[in-house]
Amino acid sequence: MTYPSRFKCDDVTPRSEATAAQAEMPEDIFSTAEIPFPSERPLNVYAFDPSLGNFVSNQMVTRVRYENLAAGPVGERFAVIDYDGSQKTFYKPVDLDDPRLLMTHGLLPSEADPRFHQQMVYAVASETLQRFEYALGRRVRWRTRLDRSQPPAPRGASRRLNLFPHAMCEANAFYSPDAHGILFGYFTASRTNPGRNLPGQTVFTCLSHDIIVHETTHAIVDGIREHFMEPTNVDVAAFHEAFADLAALFLHFSHKEVLVDTLQKTGGKLFEFKLKGDAELAPGATPAIQSQLGAENPLIALATQFGEAAGRQSCLRSALMTPATPEGAKEIATKIEPHERGSILVAAVFDAYFTVYGRRTFDLFRIFRAGGGNIDKADLPVPLANRLAMEASRTAEEFFTICARALDYCPPVDITFGDFLRALLTAHLDYTPDDPDHIRDALMQAFRLRGIVAENASAFSEEALFWPKVVRGKLEVEDLIFGDPNGLTKAEKDHNGDVLRAFAVEKADKLGFDPKAAKIEAPSFHPMFSTGKDGKLYVSMIVELVQTMRVPFGHGIPGTFPMRNGVTLLIAQDPPEHDKRPNPRVRFVIPKLYHPDREERVRNFYVGSGRATTTPSEHDEDKRFRLDFALLHAGV
Amino acid sequence: MPGRQRSEPSSPPRTRKPAGSGGSVRKRTTPAAKAAPSPTAAAPKAARGLRVRMYRIGFGDFFLLSVPTGGGASHILIDCGVHAKDLGSMRAAVTQMAKDCGNRLALVIMTHRHADHISGFGSCADIFAEIEVERVWMPWFENPDDQKAVAFQASLVAMAGQLGRQFQARLAAKPDPAVEQLLSMAENITGGLGVAGIAANQKALNVLHGGFRNSQPKPDYYKAGDVPTLPAALAAAGLTAEILGPPIDDALIRQMTNKNQQYLAGATEISDQLARLKPFGNAFRGRREDYDDKAFAPYGYDRVKSMLDGAQPDVLAAQAKAADKTLNNQSLVILFSFAGKNLLFAGDAQWGNWENFLYGGAYGTPGHTQLTARARDILGKIDFYKVGHHGSANATPKDAVKAMRIGCVGMCSTQEHAYNEVPRAPLLDALRQRMNDQLARSDQVAAAPDKPANPDAGPLPPAFSTPGQQLFIDYDF
């Protein structure tokens, strides 16, 4: 499947059998009776999950790129396969190309019809993928094998990921590289403490917008980075959870109606947890009807139904509520459970987001007050709410893009929160050198207040936190092929792989590798084409170089573990000068190099988390050194 | 005896350092000394008469620490339990212990409520009913007045019970040694069901909470940093104690409780469910043929299905392991000091418990990658170490081994093939190296004439002795 369908919106394929009448007429290349392909397919989904009912447009229409779909739906990037592993049965697949469904934006939201579940999973996963591909400026591939030591997957596996909306009867949903897909579970809500659900009602994780985005994000990150799933320090699992949560949360802010409604009920303060009820309630009075009840702010809550049904509390709320004080900063040294720890990172990014939102809307509030308006007394007027919503959603878009792009600026292995901060700042600097609203400062301060620091950075200042920039002309890679935005051919990829591996050995001392320690691999290289704010096209390549040493545990524990060192390179291809194309130059070298202390830290972490003593599974010795989202999300 | 002589000459120069830090330890214990009105504790000059006795019962812990006092030896019992690979010697050992202490124990310490640390209190309740006990120490998790702790323990036990039933069902369907170990792990938490349907561990706990001969005062419940109250005679003799674990972490406990309750909610519904949860009406049932063959490309239908089946984790096994670790981490970790000798009893503390003591926070976070000065100081002066968790690798972090004083002495109560890779021979080797080979294993002595020592465990190092030829091993300071 290549890209014949790239310009589908104006694709006009001539019919093969021309009628006799047409044959007599002279050929007219400008006219056709073919109906143009639509560019988007609108589909009904829940904006949050069924438990929120129909309050403010909990049902919304999401627009995904149009493609021909087989029953399932089965498309180019996702195949929804509705096999229930507990009931050992298939459910009837939905055919979204059925004319009746095309008329109605697909099936209406329903908990009782599995075909709506298939539709929603397809729609939300596709939307998430599109947003990432848009932000990254390139196509995302799915991971097809866990390790280089395993046999390659059949051709085409990297294009399509499987989604199993009712894989098991369990309060769990997870991305599984083994199944090359995402497994969603369903379960009965707690009979004793079901929250807003009916006691004992069936809860479907595949109907939670947040859960679908969260799991899809795990799959995307795993596809981008080969060694990110190895929990080599306390931050790794937490980082994955936080990153996936950030993607889910920022997507909330693209839901216009919810946004406007929330803005009105919080008086523009998007970060408030409680919303005012629809109907007026005197201070101190007890609500008598449902519309007087205050609700939780849905924008900054995650997977509410799942959390309540499983009797599990969201750690996000407590993280967002933790005061940004030296006392609160201590949590980073004590919280080690991945969800709790991840919430600290989410809170930091959201602190920056709300700060920037505040800066950008400050003037609007002043104008409003200057005209005699009072945000504490009355609801916001609709025009103001609309303007605020615009800012909120633009800022969210920007933050999501920075976060997604920051992935490319992370070292290839052993990520820490501090690395992510440096990646965020550098990615933002690279794409938006001028920073009128001080986004970088807001990020930096928010991280600092939560005790997240970058090791090896000489100071907590922007300059010190940017990854070190290579001086122009000091490090160049000859003969690298960038191709065009449609991708590289197999021969071009093989060529680039050879070039990069040779480069790594030749320039090992500059990059910081010891070439004698082990072979240096180039697990990934992605050409990228992005338009800068100045309107120019920037051509660059993002390269991972990774060296894997097998290091014994020693100290009474048999076996070895993979100790990985690596650098991420950002290579730029400048336009030709004097009719000569300059050598591609390395702009950033983002290192995670060998250091005895780091080896010790990784070893200790594997021992402390029990991975060192787990018996390796028979055919895959290193499986124990990878994150298991199945257990992580089951809360074990 | 040469081993003992080897350690004696080296002690005078060392006494200086412990004396300094020991002084501060004693200062911290002064309120305790007040609580137990006692004459000013004059530091004893020599540790002669101080003895640790380890009984061989199988896979479990059973230690008696005897301290010389003005009125003869005073005794501290630290745990009394066996779980897997019970050698049947518990009764003989408890009888022996009762004789050793003359039916008087100054202090009973329960490090944590795993069966392999407390079962003896239940199975030999009649013998314990004849023993006078002055004080009882337990981890703070056992405090009946702490609602959080009570709820936590109750849900942990309930969960272990559920897990046990499920593993039993699995075993009934198909014998599997791995599942047997999981079952054993779950039953270690409950103690298994006794005749009256009361969990055996509960019976043992009842004894600890008031089944001794006298009506001893309420047990003391301790956490890291608490100042423990020693019985008057022991305090007077100059014994001091410090509590190094378990740490108190409200958030962690709340989270564990949530998880357990969530699991329990699910489990009860599975067991009483009338039919398997059927999510959709029959009309929605489909067949593989409803899908285009291309839907399963490129893997093909069979492979997709087997990949899907293979991706389901054994959540129950993971739960059992997590519960086991949680309970081990409740262990009281105690440092005793007497006449310049420091003895560390770490229960079964695993990483989470040690982490707090060793690094002062979550390992790997900024500022918590190195041993704290205090941890280095304490480990650098110990003379005796009760090897944690029967010699499992997770229970004695290697940073702790590396910081232990070279030439200290160790005792490890263990039994092979009871628990996944315990004892871990390479860890014991590393400890032996640190200890100049002065590491005793409980299976180096016969439990009974028909239960000989384990030949693979090697001979008992010369620093230790077996006065009774069987059943127990002594270390005399």
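Remember, predicted model here, so these are calculated numbers, not experimental data.

Along its length, chain B carries 15 helices and 14 strands. Of all 477 residues assigned to chain B, the portion counted as buried reaches 52%. In chain B, the share of contacts with a sequence separation of at least 24, taken over all contacts with a separation of at least 6, comes to 74%.

Helices and strands together make up the secondary structure of chain A, namely 18 helices and 15 strands. Taking the intrachain contacts of chain A between residues at least 6 apart in sequence as the baseline, contacts between residues at least 24 apart amount to 65%.

Moving on, we come to the nonpolar core. Formed by 163 residues in total, the largest nonpolar core has its most connected members in Leu183(A), Val349(A), Ala406(A), Leu421(A), Leu424(A) and Leu443(A). A per-element tally of this core places helix α5 (residues 234-252) of chain A first, with 13 residues. Sequence-distant contacts of Leu424(A), defined by excluding residues within four places in its chain, comprise Ile402(A), Cys403(A), Ala406(A) and Leu443(A). Counting 140 residues, the second largest nonpolar core, distinct from the first, contains Ile109(B), Ile334(B), Ala339(B) and Cys408(B).

Along the polypeptide, Phe284(B) turns up in the loop between α9 (250-271) and β8 (285-286). Residues contacting Phe284(B), with those up to four places away along its chain left out, are Tyr91(A), Lys92(A) and Pro114(A).

What follows is about the sheet that holds strand β11 (residues 384-386) of chain B. Residues and elements named next belong to chain B. In spatial order, the strands read β7-β9-β10-β11-β12-β13; together these six strands make up an open sheet with mixed pairing. Edge positions in the open sheet fall to β7 (240-245) and β13 (439-441), since each of these has one partner strand only. Ignoring strand direction, the axes of neighbouring strands in this sheet form an average angle of 15°. As judged from the three bridges shared by strand β10 (residues 341-345) and β11, these two strands associate in the parallel manner. Bridged to phenylalanine 345 within β11 is lysine 386.

Residues and elements named next belong to chain A. Here glutamine 130 lies in helix α3 (residues 114-136). For glutamine 130, a count of 15 C-beta atoms within 10 Å puts it in the partly exposed group. Separated by 97 residues in the primary sequence, glutamine 130 and alanine 33 place their C-alpha atoms 31 Å from one another. Those residues within four positions of glutamine 130 in sequence are excluded, and the remaining contacts are Val64 and Arg65.

Counting from both sides, the interface comprises 63 residues of chain B and, opposite them, 73 residues of chain A. Residue assignment for the side of chain B that touches chain A shows that the elements contributing at least two residues are α9, β8, α10 (301-310), α11 (315-328), α12 (351-359), α14 (398-403) and α15 (425-434) of chain B. In terms of residue class, the side of chain B that touches chain A is built from 29 nonpolar, 16 polar and 18 charged. Sheet topology note: the strand β5 (residues 89-91) of chain A/β8(B) ladder contains two bridges and is antiparallel. Across the sheet, residue Phe90(A) finds its bridge partner in β8(B), namely Gly286(B).

Taken together, the three strands give an open sheet; going across it, the order is β4(A)-β5(A)-β8(B), and neighbouring strands pair in antiparallel fashion. On the outer flanks of this sheet lie β4 (83-84) of chain A together with β8 of chain B, each paired with one strand and no other. Alignment of β4(A) against β5(A), held across two bridges, turns out to be antiparallel. Residue pairing across strands places Tyr83(A) opposite Phe90(A), the latter belonging to β5(A).

All names here are of chain A. Scored by pLDDT, chain A comes out at a mean of 83, with 86% of its residues at no less than 70. Within chain A, no element has a lower average pLDDT than helix α1 (residues 20-24), which sits at 60, and none a higher one than strand β3 (residues 78-80), at 95. When the criterion is pLDDT under 50, residues 1-5 qualifies, and its contacts beyond four places in sequence or with other chains add up to four contacts.

A few words on the pairing of strand β5 (residues 132-139) of chain B. Residue and element names in this part refer to chain B. When you tally the buried positions in β5, you get seven out of eight residues, the bulk of the element. Examined bridge by bridge, strand β4 (residues 104-109) and β5 share five bridges and lie parallel to one another. Its bridge partner lying in β5, arginine 104 is registered against glutamate 132. Across three bridges, β5 lies against strand β6 (residues 220-222) in parallel orientation. Paired with tryptophan 137 across the two strands is aspartate 220, which belongs to β6.

Here we come to α3(A). All names here are of chain A. For α3, which comprises 23 residues, the first-to-last C-alpha distance of 33 Å matches the rise-based estimate of 33 Å (1.5 Å per residue) to within 8%. Counting buried residues along α3, 19 of its 23 residues qualify, which places the element largely inside the surrounding structure. Directly after α3, the chain includes glycine 137, whose backbone phi takes a positive value near 75°.

Here we take up the packing of helix α6 (residues 256-265) of chain A against helix α11 (residues 382-406) of chain A. Residue and element names in this part refer to chain A. Orientation of α6 relative to α11, taken along the N-to-C sense of each, is 120°, at an axis distance of 9 Å. In terms of axis orientation, α6 runs oblique to α11. α11 is crossed by α6, and the crossing has right-handed handedness. Residue-level contacts link Lys256, Leu259, Val260, Leu263 and Gln264 of α6 to Ala385, Asn386, Leu388, Ala389, Ala392 and Ser393 of α11. Split by residue class, the contact of α6 with α11 holds seven nonpolar, three polar and one charged.

The next thing to look at is unusual backbone geometry. With an omega dihedral of -5°, the bond running from Gly72(A) to Pro73(A) counts as a cis peptide bond. Here Pro73(A) is to be found in the loop between β2 (59-65) and β3. Of note, the bond from Gly245(B) into Pro246(B) is cis; its omega dihedral lies within 30 degrees of zero at 5°. Within the element layout of this structure, Pro246(B) appears in the loop between β7 and α9. Positive phi is not limited to glycine here, since Asp479(A) has a value of about 70°. Tracing the sequence through the fold places Asp479(A) in the loop between α14 (462-465) and α15 (490-506).

This paragraph deals with α6(A). Counting buried positions along α6(A) gives eight out of ten residues, so the element sits mostly inside the fold. Residues of α6(A) that are buried: Val258(A), Leu259(A), Val260(A), Asp261(A), Thr262(A), Leu263(A), Gln264(A) and Lys265(A).

Residue and element names in this part refer to chain A. For strand β12 (residues 520-531) and strand β13 (residues 537-554), the ladder comprises ten bridges, and the chain directions are antiparallel. Opposite proline 527, over in β13, you have methionine 541 as the bridge partner. What sits between the antiparallel neighbours β12 and β13 is a turn of five residues, in which glycine 535 has the positive phi angle 90°. Pairing of β13 with strand β14 (residues 557-573), which is carried by 15 bridges, proceeds in the antiparallel orientation. Directly across from arginine 550, in β14, lies its bridge partner proline 562.

All names here are of chain A. Orientation of α3 relative to helix α4 (residues 209-224), taken along the N-to-C sense of each, is 50°, at an axis distance of 9 Å. Taken together, the axes of α3 and α4 lie oblique to each other. As α3 runs across α4, the sense of the crossing is right-handed. Each of Val121, Val124, Ala125, Thr128, Leu129 and Phe132 in α3 lies in contact with α4, whose residues at this interface are His209, Ile212, Val213, Thr216, Thr217 and Ile220. Looking at side-chain class alone, the contact of α3 with α4 contains eight nonpolar, four polar and no charged residues.

Rules used in this analysis
- Here the residue numbers are simple positions, counted from 1 along each chain's written sequence.
- In the order they appear in the text, chains get letters beginning with A and ligands get numbers beginning with 1.
- Given that this is a predicted model, residues contribute local features only at a pLDDT of at least 70 and side-chain atom pairs are listed and counted only at 80 or more, while totals for whole chains, interfaces and linings are drawn from all residues.
- Secondary structure elements follow DSSP: runs of H or I no shorter than four residues count as helices, runs of E no shorter than two count as strands, and numbering proceeds from the N terminus.
- Residue burial here comes from a neighbour count, namely the number of other C-beta atoms, placed from the backbone, that lie within 10 Å of the residue's own C-beta, with 20 or more meaning buried, 12 or fewer meaning exposed, and in between meaning partly exposed.
- Each residue is represented by a C-beta atom placed from its backbone, and any two residues with such atoms within 7 Å are regarded as in contact.
- Any nonpolar core is a set of buried residues, restricted to Ala, Val, Leu, Ile, Met, Phe, Trp, Tyr and Cys, that join up through C-beta atoms within 7 Å.
- The pairing criterion for strands is at least two bridges between them, as found by DSSP.
- Axis lines are fitted to C-alpha atoms, over the contacting stretch for helices. Their N-to-C directions set the angle, which ranges from 0 to 180 degrees.
- Only Asp, Glu, Lys and Arg are considered charged, only Ala, Val, Leu, Ile, Met, Phe, Trp, Tyr, Cys and Pro nonpolar, and every remaining residue, Gly among them, polar.
- Here pLDDT means the predictor's own confidence in every residue, given as a number from 0 to 100.
- Between the first and last residue of a helix there are one fewer steps than residues, each counted as 1.5 Å, and that sum is the expected span.
- An angle below 35 degrees is read as roughly parallel, one above 145 as roughly antiparallel, one from 65 to 115 as roughly perpendicular, and any other as oblique.
- Each crossing is labelled by how the near helix is turned from the far one, with a counterclockwise turn of less than a right angle marking it left-handed and a clockwise turn marking it right-handed.

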